[in-house]
Each structure stands twice: as C-alpha cells, then as structure tokens.
Amino acid sequence: MLVRNVKQVSAEELLKMAEAARGKIHTIFLHWTAGTYGQVYDDYHLCIGKDGNIEAPLAMFDLAAVKAHTWLRNTGAVGIAIEAARGAKINKDWLISFGKQCPPTLEQVDGLALAVALICKGAGIPIDKDTVMTHAEIADVDGYGVYDSDPDMRWDLLRLPFAPTVSGGDYIRKLAAGKFAAMSN
C-alpha cells in the first residue's frame, strides 16, 4: 500500500536499526516499486528515492518485521525497493525498455548499495549472492522469473539502464561491497 507519512533515514539510523536486527535477519531482497519517483510502499522496509535518499514509512523501525515483498521469503528478510520502473517492460527476448517516465537512476542504485552495506555491516550479513539478491534472481530460483512461463513473472533489477550488459544483482553487490569496505577502513 502506498504510504503518505514517510521519513528519511540517515546512515547512522539505518546502522542502528541493523544492529538491533542482528540475528533476526539473514537476507536482503532488492526490488523496484514499479511506480513513480516519490512513491513509498509499506510492502518494503525501505525505499530509495530518485536522488538516492533512504526513505521508510514513518512507522518503520524494525528491520526484522515481516513485510510482503518477496513470495514465501519474507521472514528474516529485509525488502528494499527503488522508487522507479513505472511502465518498464521486458519482451520474450528479454529486451528491456525502462520507458521515459521513471527509469532507475544512478543515485538510486548508489543509495540502494549504501543501504545494503549498512544493513550487512550492522546485522553481520555477508554481501554475496546467497544473502543479497534482486527480486529477479530469487524469482528465477523459485520458478517465477524470466526463464519460466509464470504469468506473474518478476524481473526487478535484472538489468540496469546504465549497465545493460551486467546482471543488476552483480552490479549492486559489487557497489555495496565497495561501500562496506570503505566503512571498515
């Protein structure tokens, strides 16, 4: 559901939230809202605005709370979505059109990577393909991704408009790992 009361979450606040959830969360799933910039939904723990700001429903304070972001995989999982991708389409040859309305921005992906790094640092979660996955990646595992015939296919962050030849998940994990390493220095 679309949320009207939204707050910006600072890096310090997010790190504290992750520390409080240590031992209760083990996975992070990355999404897009399929909406427009500025739309925050309560299906996710966090949303990332067009400019990269980390946003949350005003009542959000617990990263271990169960949200409805990933089919059958919400317990112990944090859902983060970029506010983007309204009208995005993928054809049978997996050619992607992000349209002109709300494509993912570099700033959003940078903010997403920062959120991942902070949560992983605070909660003690490694940044790898088993613990940080796009909705496209986990949908492929669970049989409703681009390689399946499910009419409710999910392909969130399969690719990014500014890195079309690289897996969106690999791109984001690499960026998050760099931010994590910089925090540790």
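Preceding block: the structure.
Residues numbered from 1 in each chain as written. Predicted model: local features only at pLDDT ≥ 70, side-chain atom pairs only at ≥ 80, totals over all residues. Heavy atoms only, no water.

(A) Here's a closer look at the nonpolar core. Counting residues in each nonpolar core, the largest one holds 42 residues, and the members touching the most others are L14, I28, L30, L63, I80 and I119. Going through the elements one at a time, α1 (11-20), β3 (27-32), β5 (46-48), β6 (54-57), β7 (77-82), α2 (106-123) and α4 (168-184) are the ones with two or more residues in this core. Per element, the largest residue contribution to this core is nine residues, and it comes from α2. With near-sequence residues (within four places) excluded, L30 lies in contact with I80, L112, V116, V132, M133, T134, H135, D156, L157 and I172. Listed in part, the six residues of the second largest apolar core include V3, V40, Y41 and Y44. (Core = buried A, V, L, I, M, F, W, Y, C linked by side-chain atoms within 4.5 Å. Buried < 20%, exposed > 50% of the residue type's maximum accessible area, 1.4 Å probe, protein only. Helix = DSSP H or I, 4+ residues; strand = E, 2+ residues; numbered from the N terminus. Contact = heavy atoms within 4.5 Å.)

(B) View of the sheet that holds strand β2 (residues 6-8). The six strands are arranged β2-β6-β5-β7-β3-β10 in an open sheet whose pairing can be described as mixed. Strand pairing shows two members of the sheet lacking a second neighbour, β2 and β10 (132-134), which therefore form its edges. Pairwise comparison of adjacent strand axes, ignoring direction, gives a mean angle of 30° for this sheet. Pairing analysis gives two bridges linking β5 to β6, with the strands arranged antiparallel. Each residue of the ladder has a partner; that of I48, found in β6, is I54. (Pairing = 2+ DSSP bridges. Axes fitted to C-alpha atoms, helices over the stretch in contact; angles between N-to-C directions.)

Purely geometric stuff here, so don't read any function into it on its own.
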